[in-house]
Amino acid sequence: MALGEFELIARYFTGDRFAYQPGAGVVLGVGDDCAILRVPDGEDLLVSIDTLVAGVHFPARLDPAHIAHRALAVNLSDLAAMGARPLWFTLALTLPAIDEHWLAAFADALAVLAQRFGIALVGGDTTSGPLSITIQVHGAAPAGSALRRSGARPADEVWVSGTPGLAALGLRHVLAGSRDTVAARTFLRPEPRIALGSALRGVASAAIDVSDGLLADAAHIAERSRVALVIEPRQLPLAPELAALAGRDDALSLALGGGDDYELCFTAAPGRAPAIETIAAGLGVACTRIGRVEAGEGARCTGFVPRRAGYRHFADD
Ligand SMILES: [Mg+2]
């Protein structure tokens, strides 16, 4: 690599756009062997890490700006799922070669999303190898208040934000070479539901972000809560682009099994519905009741078995 690691970090991943806000708890940022970080008084620290590998988690020829947005957004989505506020992140970048145009576009998009969510880049590492991006996010929530997967109880209602399935339809568009449809943009630029997650602390009984597909992620809540989640297909909020698909089964399969939505699926006692509707209206994020929690196990959709649409491998180069 012509450009050394320190030069690389200094050129693309430092400066005002990655700087932390006063009061963000950064005692010492990039530049020493470790960052020094201080967890705010009275708060719990929440940590999550995700690796995105080219050709596995995203098509390798995706624009660097979209890769950067997705890499940080999917991590922020995990903080959203637990009602945490973003604080800091670290970045490990494995690159097949130093391509300065690629790096500039990657760093620009990363900085835009980091600034929007007030999350500071406090450290990183670069290595040479097949393209892969690892981001670890740190967030905080008032002690004991973070949302979990384990709190759903029979008689609770099941909710979802946004329009699940649209991102999976968008992936089809992207793989077919179209990046300008509403669906394609939803796949390329997922919007982490940080504000919604925070607002649901103390309101929702359990929550998860939809990464694997609505039904698969609902099953994770069911497993951790030792209950069953039952989704009513009629109540699913289908985006117009999904509803317009020729096959209703195809649309429902995308909505239930598509994945990559990064919306929140959560449960709440029926009496919480007015509070949830107020939160949703205040944030401008649609939240829809899609089913109920029962005694039992697993997640199912009444009268419908979606085609499996979980793990994918992008063999596009
Ligand atoms: Mg998650």
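Along every chain, residues carry numbers that run from 1 in the direction the sequence is written. Thresholds applied to this predicted model are a pLDDT of at least 70 for local features of residues and 80 or more for the giving and counting of side-chain atom pairs; totals over whole chains, interfaces and linings are not thresholded and use all residues. To get the side-chain values, take all heavy atoms of the structure and skip hydrogens and water.

Chemist: I tried to follow the sheet that holds strand E7 (residues 157-161) on my own but got confused; where do I start?
Modeler: Strand pairing in a sheet relies on backbone hydrogen bonds, with the paired strands running either antiparallel or parallel. Strand order in the open sheet formed by six strands is E8-E10-E7-E11-E9-E12, with mixed pairing between adjacent strands. Edge strands, defined here as strands with exactly one partner in the open sheet, are strand E8 (206-209) and strand E12 (298-301). Each strand axis lies, on average, 25 degrees off the axis of its neighbour in the sheet, ignoring direction. Following DSSP output, two strands are said to pair if at least two bridges run between them. For the purposes of this entry, the term helix denotes a DSSP run of H or I that reaches at least four residues, the term strand denotes a run of E that reaches at least two, and both are numbered from the N terminus. By the bridge criterion, four bridges tie E8 to strand E10 (residues 264-268) in an arrangement that is antiparallel. Across the sheet, the residue bridging to Asp209 is Leu264, located in E10. Strands in contact with helix H2 (residues 64-81) are E8 and E10; relative to E8, the strand with the most contacts, it is inclined by about 175 degrees. Angles here are taken between N-to-C directions and fall from 0 to 180 degrees, while the axes themselves are lines fitted to C-alpha atoms, restricted in helices to the stretch in contact. Should any heavy atoms of two residues lie within 4.5 Å, those residues are counted as being in contact.

Chemist: Looking at this structure, I do not really get the pattern of salt bridges. What am I missing?
Modeler: A side chain with one charge may pair with a side chain of the opposite charge, provided their charged atoms come close. Any Lys or Arg side-chain nitrogen found within 4 Å of a carboxyl oxygen on Asp or Glu counts as a salt bridge. Counted according to the given criterion, the structure contains 14 salt bridges. For Arg85, the salt bridge is made with Glu43, and the minimal N-O distance between the two is 2.3 Å. One end of the pair, Arg85, is in strand E4 (residues 85-95); the other, Glu43, is in strand E3 (residues 43-53), with 42 residues separating them in the sequence. Arg85 sits in the partly exposed class, given a relative accessible area of 37%. With its nearest N and O atoms 2.8 Å apart, the salt bridge here joins Arg172 to Asp250. With Arg172 in helix H4 (residues 166-175) and Asp250 in helix H9 (residues 248-257), this pair connects stretches of sequence that are 78 residues apart. Only protein chains enter the calculation, and the probe is 1.4 Å; a residue is then buried if its accessible area is under 20% of its type maximum, exposed if over 50%, and partly exposed in between. On the basis of relative accessible area, Arg172 is assigned to the partly exposed category, the value being 37%.

Chemist: Can you walk me through the coordination of the magnesium ion in this structure?
Modeler: In this analysis a donor is any N, O or S atom within 2.8 Å of a metal ion (3.2 Å for sodium, potassium and calcium), and since water is not included, sites may seem incomplete. Summarising the metal site, the magnesium ion is bound by the protein donors Asp78 (OD) and Asp209 (OD), whose distances to it range over 2.1 Å. Of this pair, Asp78 sits in helix H2 while Asp209 is found in strand E8, placing the two residues 131 residues apart along the sequence. Assigned by exposure class, Asp78 and Asp209 land together as buried.

Chemist: Got a minute to help me understand the pairing of strand E6 (residues 132-142) in this structure?
Modeler: On a regular strand, each side chain points to the face opposite its neighbour's, so the side chains alternate between the two faces of the sheet. Among the 11 residues that make up E6, nine are buried, leaving the element largely enclosed by the rest of the structure. Sheet analysis places E3 next to E6, joined by 11 bridges and oriented antiparallel. Paired with Leu45 across the bridge in E6 is Ala140. Across nine bridges, E4 lies against E6 in antiparallel orientation. Residue pairing across strands places Leu93 opposite Ile133, the latter belonging to E6.

Chemist: Quick question: what am I supposed to make of H2 here?
Modeler: Turn by turn, an α-helix covers 3.6 residues, leaving residues three or four places apart pointing in a common direction. By this rule the span expected of a helix is its residue count minus one, scaled by 1.5 Å. When the terminal C-alpha atoms of H2 are compared, their 26 Å separation across 18 residues agrees well with the 26 Å that a helix rising 1.5 Å per residue should span. Buried residues dominate H2, accounting for 17 of its 18 residues.

Chemist: What should I look at first to understand unusual backbone geometry in this one?
Modeler: A negative phi holds for most residues other than glycine; trans holds for most peptide bonds. For Ala155, which is not glycine, the phi dihedral falls at a positive 85 degrees. Looking at the secondary structure, you find Ala155 in the loop between E6 and E7. By relative accessible area, which is 54% here, Ala155 ends up exposed. Unusually for a residue other than glycine, Asp260 sits at a positive phi of about 65 degrees.

Chemist: For this particular structure, what's the right way to read the sheet that holds E6?
Modeler: Taken together, four strands build an open sheet; the order of strands is E3-E6-E4-E5 and the sheet is mixed. The sheet is open, and its two borders are formed by E3 and strand E5 (120-128), each paired with just one other strand. Across this sheet, the average inter-strand angle for adjacent strands is 15 degrees, counted without regard to direction. Where E4 lies against E5, eight bridges are found, and the strand directions are parallel. Pairing of Thr94 across the sheet is with Thr127, part of E5. Here H2 sits on the sheet and contacts E3, E4 and E6; the angle it forms with E6, its principal contact strand, is near 30 degrees.

Chemist: Quick question: what am I supposed to make of the domain arrangement of the chain here?
Modeler: Many analyses report the size of an interface as the accessible area lost when the parts associate. Considered domain by domain, the chain is made up of domain 1 (5-142) and domain 2 (157-301). Distance between the C-alpha centres of domain 1 and domain 2: 26 Å. Domain 1 puts 22 residues into the contact, and the matching count from domain 2 is 20 residues. Throughout, the accessible surface (probe 1.4 Å) given up by two parts as they are put together, summed over both, is called the buried area. Interface area, domain 1 with domain 2, both sides summed: about 1900 Å², of which 60% is carbon and sulfur. Here domain 1 and domain 2 share three salt bridges between them. Its salt-bridge partner being Arg116, residue Glu191 comes within 2.4 Å of it at the nearest N-O pair. Between N or O atoms, a polar contact is any pair within 3.5 Å; within protein, one atom must be a potential hydrogen donor and the other a potential acceptor, and residues adjacent in sequence are included only when both atoms are from side chains. On the surface where domain 1 and domain 2 come into contact, there are seven residue pairs in polar contact (both at pLDDT 80 or more). Listing elements by their share of the side of domain 1 that touches domain 2, those giving two or more residues are H2, helix H3 (100-117) and E6. Looking at the side of domain 1 that touches domain 2 element by element, the count peaks at 11 residues for H2. Boundary definitions for the domains trace back to an automatic or database domain assignment.

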